[in-house]
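Here is what each chain is made of, one letter per residue.
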Amino acid sequence: MAPVLSVEGLSARYGSVEALHPADLALGHGELVAVLGPNGAGKSTLLRAIMGLTPGSGRVRFEGTELPRDDPRAVTMRGVVLVPEGRGIFGPMTVRENLDLGAYLLPGRGGEFAARLEQVFALFPRLKDRQSQLAGSLSGGEQQMLAIGRALMAAPRLLLLDEPSLGLAPRLAAEILETLGRLNRAGLAILLVEQRAPLALKLARRAYLLAVGRIVAEVTPDQIASPHDLARYYFAA
Amino acid sequence: MTSPATTSPPSGRARLAPALLWAAGAALVAYAFVAGGYLVTVLGFAALYAIFVTGLNFFMGYTGQVSFGQNAFAAIGGYTSAVLTTAYNWPVFAAMPLGIGAAALLALAIGYPTLRLRGHYLAMATLALGMIVQEIAVQWDRVTMGYTGIAAIPPLGAFGRELPNERAQLAALLAALALAVWVASRLKHSRLGHALAAIAGSEDAARALGIDVARYKLIAFVVAAVYAAFAGSMFAHFVGFVSPEVFGLHMVVLGFTMLYVGGIGTVYGPLVGALIISLLPETFRGFKEFQDLAYGAALIVILIYAPKGLASLARLWTRRGAAPDAAAAATAGTSRGDAGAAR
C-alpha cells in the first residue's frame, strides 16, 4: 500500500535563496509525524512546498498520485489541507463565515456541510458558542481552534499543521495538541511542524529533524530524551 | 470579561445612527429637488462618483488590491458613449452597454497578466494603464477630438425621448446608484464576496482553502471596471461633454479620497465619501482664497478622527452606547468592515 504522503527530492527557493534543500520524507496511513527544527530551519517552507505555495522542484505523491507543484487549489481538492503558520484566519469575518470558507470546495450547503460543521463543533464546542463573533476578536487559542476547524471543514485526508502552539500558553498548547491526537487516533494522517519538541514528541511516532534547510535526521521519540539530544543533531548539521 | 465584537442584530441605538444618516441624506436630496440649480449638479456629480468609487471599493476594499487605473475604464465608458451617440447617432441605452462591455474586455485582457503583480507593482502597472488610455484620448483626435473633447452629447433618455431637465437626470442617476450599491451589497455577502474577503485577508490562506485567487482577483478587477465604465458613460450624458482631462489622474485622486474618507471595505462608505467630498468644497466657498486650505484641513481632521472612514463613526457611536469593551475592540481593528451602522 502506497504511503499517504511521499516526498522525493523536494526543494524550495525564495528568489535565488534555496530555503529547502532536496528533502525526502514519507507518511503512512493514519500516522502522525512531526517535523522539528529551530527558527529558520525551513519547516514552514517544507509545508508550503508540499502545498505548491512556494516554487521549487522535486516530487510529492499523495496516496500514490503525484501532486502538481504550482496549484495549491488542486492539492486541496485531493484532500491535503494546510493550517498555515500564524493561523491565517480572516479577522473581519465571523467564526461561522471562516468555517464556511473551509468548505469552499464543497458544492452546496446540504447534509454533508452540516455533518462537517457538527463534527467541528463537537471537537471545539467553544466555536459553536461564538459562531457570530468576529474571528479577529477571539483569543489566540480560540483562533487556533478556528484555524484547525476551518481546515477540517475541507474534509482533509492529510492535515499539514504549521506551529499550532505558536504564541499559546502551555496549557492551551497542550489542549490543542491533545485535540490533534484525538483526530489522529480517529484515522487522520497529520504532518505536524512544531518548535515545541516535547509536546510534538508526545504525539508523534516519528519525527524529521530539520536544520538550515536540510533534513538532518529521522528519529523516534525515545531517541530524544532531552533538548540536548535535539541540539546534538542540529549542531551536527 | 470582554464583550466580543459580534454581528448580532443591532440595538435601538445601533438602528438610530444609520436612520439619522439616511434621513439627513434624504432631506438633502429632497431639498435639491425643490431648490434645483447648482445643488442638483453637485449631487449628480456625487452620485456619479459614488458609482465609480463603489467599483473601486470592490477591488480595493473587498479584495485588498490596489488600482490607480480605474480612470481608464471610466474613459472607455465615457468616450464610447460620446462617440457613438454624437458621431453615429446611436441611442444612449445602446451606446452605454457597448462602452461597459469594451471596458470589461480590456480589464480581462489587461488584468490577466497584470494581476500577477502585488502591492506597489500592481499600483504602478494600473497607473500606467490610466496614463496610456488618457494619452490615446489625446492623440487619437480623429475620433476623440483630442484636447478639445466631445461636446453636445445627448442627455440620458430612453426610447427616443430625453430626460427633460437636470432634476429628472438626477433621479435617474440616483436610481442607477441605488442599483449599483444593491448589486455591490449582494456580491459582498455572496460566496464570491466571502472568497474575495479571504483573498484580502491572506492570499496564501485563501489558496490553501482551494480558492482560485488569480481567477477571483480578475473577476473583482472586471467588476470594478464595469462600475467605472458605467459611471464614465453616465458622466458623459449627464454633463454632455468629455475630454482627456475629465478622466485624468484627478479622477483617481478624488476616487481614493472619497473611498478612504467614506470608509474602505464598507458597502455605504463610497456613498458617504462621494457625498462629503462633493459637498466640502462648496461648504468652504465662503473662505475664498483659503478655500483649498480649509478643504485640506478638513480632510486631515476627518482622516485623523475617523481613520476607518466616516461610515465607521456611526458604528463606533453605537458600540460606545452598547459596551465600552466592544468599542475598544472595534478600534483595535477587529470589527467587521460594514457591521452595525454602516452595514
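Quick caveat: nothing in here was measured; it's all calculated off a predicted structure.

Observations concerning the overall build of chain B
- Within chain B, the secondary structure is distributed over 15 helices and two strands.
- Evaluated residue by residue, chain B yields a buried proportion of 51% over its 343 residues.
- Considering only contacts within chain B whose residues lie at least 6 apart along the sequence, 74% involve residues at least 24 apart.
- For chain B, the exposed surface amounts to about 15,500 Å²; the carbon and sulfur share of it is 68%.

Examining the sheet that holds strand β8 (residues 189–194) of chain A
Residues and elements named next belong to chain A.
- Pairing within the open sheet is mixed, and its six strands lie in the order β6-β7-β8-β3-β9-β10. Looking at which strands have only one partner, the edges of the open sheet turn out to be β6 (80–83) and β10 (214–219). When the angles between neighbouring strand axes are averaged without regard to direction, this sheet yields 20°.
- Bridge count between strand β9 (residues 206–211) and β10: five bridges; the pairing is antiparallel. Within β10, the position partnered with L209 by the bridge is A217.
- Against the sheet, helix α1 (residues 43–51) engages β3 (32–36), β6, β7 (158–162), β8 and β9, with an angle of about 145° to β7.
- Across the sheet, helix α6 (residues 140–152) lies against β6 and β7, angled at about 170° from β6, the strand it touches most.

A look at the pairing of β6 of chain A
All names here are of chain A.
- Taking every second residue as pointing to the same face, both faces of β6 are buried, with V80 and L82 on one and V81 and V83 on the other.
- Here four bridges tie β6 to β7, and the two strands are oriented parallel to one another. Paired with V83 across the bridge in β7 is L161.

Describing the packing of aromatic side chains
All names here are of chain B.
- The tally for this structure, following the rule as stated, stands at 13 aromatic pairs over all chains.
- Relative to F235, the ring of F45 lies with its centre 5.8 Å away and its plane at 55°, an arrangement referred to as tilted. Here F235 lies in helix α10 (residues 213–239) and F45 lies in helix α2 (residues 38–62), a separation of 190 residues in the sequence.
- A relative accessible area of 12% places F235 in the buried class.
- Here the aromatic rings of F73 and F221 are separated by 5.6 Å at their centres, their planes lie at 85°, and the arrangement is edge-to-face. Taken together, the residues span a long stretch of sequence, with F73 in helix α3 (residues 70–86) and F221 in helix α10 at a distance of 148 residues. For the pair F73 and F221, one class covers both residues: buried.
- Taken together, the ring pairs in this structure connect F45, Y79, F235, F238 and F247 into an aromatic cluster.

Here we look at the interface of chain A and chain B
- With 27 residues of chain A at the contact, the number on the chain B side is 24 residues.
- Summing both sides of the interface, chain A and chain B together bury roughly 2,200 Å²; the carbon and sulfur share of this comes to 62%.
- When the buried surface of chain A facing chain B is broken down by residue, F90, Y104 and L134 of chain A rank first, second and third, together holding 30% of it.
- For the pair chain A and chain B, the number of links is one salt bridge.
- The residue R48 of chain A makes a salt bridge to D204 of chain B at a minimum N-O spacing of 2.7 Å.

Some details on the pattern of salt bridges
- In the structure shown here, the tally under the stated rule is 18 salt bridges over all chains.
- K217 of chain B is paired through a salt bridge with E203 of chain B; the nearest N and O atoms lie 3.2 Å apart. Highlighted residues: K217 of chain B in helix α10 and E203 of chain B in helix α9 (residues 203–208), separated in sequence by 14 residues.
- Taken together, the shared-partner salt bridges connect R48 of chain A together with R118, E203, D204, R207 and K217 of chain B into one network.

Some thoughts on α1 of chain A
Residue and element names in this part refer to chain A.
- Among the nine residues in α1, eight count as buried, and that is most of the element.
- Inspection of α1 places K43, S44, T45, L46, L47, A49, I50 and M51 among the buried residues, and these make up the whole buried set.
- In the segment just after α1, G52 is the residue with positive phi, at about 85°.

Looking at the domain arrangement of chain A
Residue and element names in this part refer to chain A.
- Parsing chain A into structural domains produces domain 1 (5–79 + 157–236) and domain 2 (91–155).
- One C-alpha centre belongs to domain 1, the other to domain 2; they are set 24 Å apart.
- The largest share of the area that domain 1 buries against domain 2 comes from I176, T179 and L183, three residues that together contribute 31% of it.
- There are one salt bridge connecting domain 1 and domain 2.

Here is what the cut-offs are and how they apply
- Residues numbered from 1 in each chain as written.
- Chains lettered and ligands numbered in written order.
- Predicted model: local features only at pLDDT ≥ 70, side-chain atom pairs only at ≥ 80, totals over all residues.
- Heavy atoms only, no water.
- Helix = DSSP H or I, 4+ residues; strand = E, 2+ residues; numbered from the N terminus.
- Buried < 20%, exposed > 50% of the residue type's maximum accessible area, 1.4 Å probe, protein only.
- Contact = heavy atoms within 4.5 Å.
- Areas by Shrake-Rupley, 256 points an atom, 1.4 Å probe, with all protein chains shown as cover.
- Pairing = 2+ DSSP bridges.
- Axes fitted to C-alpha atoms, helices over the stretch in contact; angles between N-to-C directions.
- Phe/Tyr/Trp six-rings, centres within 6.5 Å; stacked < 30°, edge-to-face > 60°.
- Buried area = accessible area lost by both parts, 1.4 Å probe.
- Salt bridge = Lys/Arg side-chain N within 4 Å of Asp/Glu carboxyl O.
- Domains from an automatic or database assignment.

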